[in-house]
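Structural overview
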2 protein chains.
Amino acid sequence: MFHELQATPSTVHWGYFDAGLKPALRIKSGDIIRAEAVTHQAGDAPELMMDDAVRLLYSSIPEDDRNPGVHLMTGPIYVEDAQSGDMLEVRYLQMLPRFRYGTNLAAHWGLLYKEMGEKERVTIYKIDPDYNTARALYAYNFPGKYTVPGKITKRGTCTCEPALNGVRVPVRPHLGTAGVAPDAMGRVSTVPPGAHGGNIDNWRIGAGATMYYPVAVPGALFSIGDPHISQGDGEISGTAIEASLNVIFQIVLRKDFHFPSPLLETPDTWIVHGFDDDLDVAMKNAAKDMLHLLVDKHNLSQDDAYSLMSISSDFGVTQVVDGRQGVHCKMQRGIFPPKDTDEEI
Amino acid sequence: MFHELQATPSTVHWGYFDAGLKPALRIKSGDIIRAEAVTHQAGDAPELMMDDAVRLLYSSIPEDDRNPGVHLMTGPIYVEDAQSGDMLEVRYLQMLPRFRYGTNLAAHWGLLYKEMGEKERVTIYKIDPDYNTARALYAYNFPGKYTVPGKITKRGTCTCEPALNGVRVPVRPHLGTAGVAPDAMGRVSTVPPGAHGGNIDNWRIGAGATMYYPVAVPGALFSIGDPHISQGDGEISGTAIEASLNVIFQIVLRKDFHFPSPLLETPDTWIVHGFDDDLDVAMKNAAKDMLHLLVDKHNLSQDDAYSLMSISSDFGVTQVVDGRQGVHCKMQRGIFPPKDTDEEI
């Protein structure tokens, strides 16, 4: 079955996951959903990144109701029959920008905030759809400190300067934040990623990728938000190019396997995610989970899996700006022999 | 001019860089060298990874003269007119395996040594040259502890077991260790990488890549070693597939620019390297050096460079097993507009 899930004041929540939230949509395993993911940074260039529906979201959700995190989330989606211990397989089929514009904020939580003179700065980008690239339109220093999510910068209050003349970056639309509700009472911040998924900020979570999230509560309560059109591994300024996306995905409930952390499958790779406040620990967590995947799903011995990882799996720094930092480990799928059966993972 | 530099007892040094070493070869800027890089792990399968010339190296260099590091290095090469403050541009043109075999050691300095039951294990790989892949031949637990570099494992002292049945990994020959002599008295360990280059363990340092090393002493005194045929970012078991390589490279002395750390240029990317005992600090060092590159070489403002890095540069974990860990930052070259002049960097 196909569902439309527009982002309206009654289908979004701002800054949190919450297992107690009333579902915005109820679906069955196998259903396909077209959902709107709206960026929480549209206020950086309201004349370019807002329409009436987006403006309504910003005006109807009070600033003091956007917490403890920052991301404007669409959902949650209740998946019939989903239980703790299941995996939610989410096949991302299409991600299309809602507008041709996006914003990058060099934020006070960025890696080089001090080195940049404790300045927050916005750079606005425009997508050139013919070439699938983006280029900077203009930049300005953010007035004051960026503490309220969705703050709207009024035209004329900042000095716009030219930026990155002639540079074009590849557009790779993806969801910065998507995941299931954690098993907790009340609001859980959308900022730190974790077993539930959330703010993983891996730019490979785009169309053509499939994510597997461990379900923690009945119905899974899946939400999406924090849409990006470009990000590098590291996300060092604190944000990506943030831009609203319309997303089509299929949700399949999997009761036949379990994995302890959010698992990403692309046409060519398996990717596991490790998290921790310390990058060294995140690295080790990712290594342990890839070992787990190779032993559990590919039936390798621990010894074989360890050697294989050292000679062929690439570890990357997913992000260092979400409080809980991320390291991902990538394994090429093509190095394994064809399986004898048709079984999926 | 073209030079041959064979690895003989008088042209190698084991475990160290040393600014006081007598040059094995003297060249001029622009010269091309064909040099043999011999793995220090050939003893893991001596019948497959040694010939008479390699055996002679192992028998002529006493075990107690292989320190304080572990790598068997060929050189040093004295570059006429090179001075501290110059950059040594090394264009790697060809890297061909000397034999069809290589070894991966899961070592006691590996990331998951404790998790694997404090066991050291060798896996021997064979290259299939028609497909440019490698597959495991057999594996065995290392008897005792791997403390002496170049230890020769005698046939019959270990039980060889099959390994990684059907798995084939891509072969990407590269130098784990290559660099100039640091400005220091006496021996400097080859193990931790640094400004001089050394044990960077980035698998992209292969044929087609160009490295820029900051020269520290007169003549630069460049050496190569630690040849690999496959490694993943992270090198988590402590080693790659270690295998001797014959390497052709051109050395060009550059007095027209300076960079504070080893810089890698591939046909598609610029890559900078950050190092530190702590991965979080290595990450920050890599970020600062990429900022430096973009400001200094691409004439971006600091603000523009920072935004660009956040949205398009990918940070990876180079290795976590060399004492001083590594993070590299990759920037695509194609995102910049064509330069007006023919000048190189």
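Source: prediction; values computed, not measured.

So, the interface of chain B and chain A
One frequent convention defines the size of an interface as the accessible area lost when the parts assemble. Listed by partner, the interface residues are 64 residues for chain B and 64 residues for chain A. Note on chain B versus chain A: buried area summed over both sides is about 5,100 Å², and carbon and sulfur give 62% of it. Along the contact surface separating chain B from chain A lie eight salt bridges. Ionic pairing is found between Asp314 of chain B and Arg172 of chain A, a salt bridge with its closest N-O pair at 3.4 Å. Those elements giving two or more residues to the side of chain B that touches chain A turn out to be strand E8 (101-106), strand E9 (121-128), strand E11 (169-170), helix H3 (279-297), helix H4 (302-312) and strand E21 (314-319) of chain B. Top element by residues in the side of chain B that touches chain A is H4 of chain B. It accounts for ten residues. Taken together, the residues of the side of chain B that touches chain A break down into 30 nonpolar, 19 polar and 15 charged.

So, the state of the cysteines
For the coordinates displayed, the defined rule picks out zero disulfides over all chains. Cysteine Cys158 of chain A remains unbridged, with the sulfur of Cys160 of chain A as its closest cysteine sulfur at 6.7 Å.

Remarks on the pattern of salt bridges
Considering all chains together, one arrives at 38 salt bridges over all chains under this definition. Put simply, Lys284 of chain A and Glu115 of chain B hold a salt bridge, and the shortest N to O gap is 3.4 Å. Taken together, the residues Lys284 of chain A in helix H3 (residues 279-297) and Glu115 of chain B in the loop between E8 and E9 connect one chain to another. Across the pair Lys119 of chain B and Asp303 of chain A runs a salt bridge, and its minimum N-O distance is 2.8 Å. Taken together, the residues Lys119 of chain B in the loop between E8 and E9 and Asp303 of chain A in helix H4 (residues 302-312) connect one chain to another. Given the relative accessible area of 29%, Lys119 of chain B is considered partly exposed. In this structure Asp303 of chain A comes out as buried when scored by relative accessible area, which is 17%. Several salt bridges share partner residues, and in doing so they unite Glu89, Arg91, Arg254 and Asp256 of chain A into one network.

Here we look at the packing of aromatic side chains
Aromatic ring pairs are defined here through the distance separating the ring centres and the angle between the ring planes. Enumeration according to the criterion identifies 16 aromatic pairs over all chains in this entry. Ring centres of Tyr213 of chain A and Phe222 of chain A lie 5.5 Å apart, and the angle between their planes is 50 degrees; on these two criteria the pair is classed as tilted. Assigned by exposure class, Tyr213 of chain A and Phe222 of chain A land together as buried. Measuring from centroid to centroid gives 5.4 Å for Tyr212 of chain B and Phe257 of chain B, while their planes differ by 75 degrees, and the two rings are edge-to-face. Pair noted here: Tyr212 of chain B is in strand E15 (residues 210-214) and Phe257 of chain B is in the loop between strand E18 (245-254) and strand E19 (263-265), with a separation of 45 residues, a long-range link. The exposure class assigned to Tyr212 of chain B is buried, which follows from its relative accessible area of 2%. Put simply, the rings of Tyr92, Tyr213, Phe222 and Phe249 of chain A touch in pairs and so form one group of aromatic residues. Taking the ring centre of Trp14 of chain A as reference, the NZ or CZ of Arg66 of chain A above it sits at 4.1 Å.

So, the relation of the copies chain B and chain A
Once turned by 180 degrees and shifted 0.0 Å along the axis, chain B lies on chain A with an RMSD of 0.0 Å. Such a combination of rotation and displacement between the chain copies is what one expects of a two-fold axis. When each C-alpha of chain B is compared by its distance to the rotation axis, Gly316 of chain B comes out closest, at 2.0 Å. Of all interface residues in chain B, 100% are interface residues in chain A too; the two copies therefore contact each other through one and the same surface.

Quick notes on unusual backbone geometry
That bond from Asn67 of chain A to Pro68 of chain A is cis: its omega, 0 degrees, falls within 30 degrees of zero. Tracing the backbone through its elements, the reader meets Pro68 of chain A in the loop between helix H2 (52-60) and strand E6 (72-79). With an omega of 5 degrees, the peptide bond running from Gly75 of chain A to Pro76 of chain A counts as cis. By secondary structure assignment, the location of Pro76 of chain A is in strand E6. A positive phi angle, close to 60 degrees, is found at Asp201 of chain A, a residue other than glycine. Secondary-structure assignment places Asp201 of chain A in the loop between strand E14 (197-198) and strand E15 (210-214). Judged by its relative accessible area of 1%, Asp201 of chain A is buried. A positive phi is found at Asp226 of chain B, a non-glycine position, where the angle reads about 55 degrees. For Asp226 of chain B, the position within the fold is in strand E16 (residues 222-230).

With respect to the environment of Ser10 of chain A
Summarising the element assignment, Ser10 of chain A is placed in the loop between strand E1 (2-5) and strand E2 (12-14). Placed 73 residues apart in sequence, Ser10 of chain A and Gln83 of chain A show a C-alpha to C-alpha distance of 25 Å.

Quick notes on the packing of H3 of chain B against H4 of chain B
All names here are of chain B. In contact at an axis separation of 9 Å, H3 and H4 are set at 125 degrees when each is read in the N-to-C sense. With respect to each other, H3 and H4 are oriented oblique. Between H3 and H4 lies a crossing whose hand is right-handed. Residue-level inspection shows Ala287, Met290, Leu291, Leu294 and Val295 of H3 in contact with H4, the latter providing Gln302, Ala305, Tyr306 and Met309. When the residues that make up the contact of H3 with H4 are grouped by side-chain class, the tally is eight nonpolar, one polar and no charged.

Describing helix H2 (residues 52-60) of chain B
Residue and element names in this part refer to chain B. Among all positions of H2, only Val54, Leu57 and Tyr58 are buried. Looking straight down H2, one finds its buried side chains confined to an arc of 95 degrees; they lie on one side. Projecting away from the buried face of H2 at angles above 90 degrees are the exposed residues Asp52 and Ser59. Those residues of H2 that are buried lie in contact with strand E2 (12-14), helix H1 (46-49) and strand E6 (72-79).

Some words on the domain arrangement of chain A
Residues and elements named next belong to chain A. According to the domain assignment, chain A contains domain 1 (2-98 + 173-254), domain 2 (101-170) and domain 3 (263-335). Each of domain 1 and domain 2 has a C-alpha centre, and the two are 23 Å apart. At the junction of the two partners, domain 1 supplies 27 residues and domain 2 supplies 29 residues. Surface buried jointly by domain 1 and domain 2 totals about 2,200 Å² across both partners, of which 59% is contributed by carbon and sulfur atoms. Of all residues in domain 1, Asp44, Leu48 and Ile241 bury the most surface against domain 2, accounting for 25% of the area lost on that side. On the surface where domain 1 and domain 2 come into contact, there are zero salt bridges.

Conventions used here
Residues numbered from 1 in each chain as written. Chains lettered and ligands numbered in written order. Predicted model: local features only at pLDDT ≥ 70, side-chain atom pairs only at ≥ 80, totals over all residues. Heavy atoms only, no water. Contact = heavy atoms within 4.5 Å. Buried area = accessible area lost by both parts, 1.4 Å probe. Salt bridge = Lys/Arg side-chain N within 4 Å of Asp/Glu carboxyl O. Helix = DSSP H or I, 4+ residues; strand = E, 2+ residues; numbered from the N terminus. Nonpolar A, V, L, I, M, F, W, Y, C, P; charged D, E, K, R; others polar. Disulfide = S-S within 2.5 Å. Buried < 20%, exposed > 50% of the residue type's maximum accessible area, 1.4 Å probe, protein only. Phe/Tyr/Trp six-rings, centres within 6.5 Å; stacked < 30°, edge-to-face > 60°. Lys NZ or Arg CZ within 6 Å of the ring centre and 35° of its normal. Least-squares fit on C-alpha atoms with pLDDT ≥ 70 in both. Axes fitted to C-alpha atoms, helices over the stretch in contact; angles between N-to-C directions. Parallel < 35°, antiparallel > 145°, perpendicular 65-115°, else oblique. Left-handed = near helix turned anticlockwise from the far one by under 90°. Arc of directions from axis to C-beta. Domains from an automatic or database assignment.

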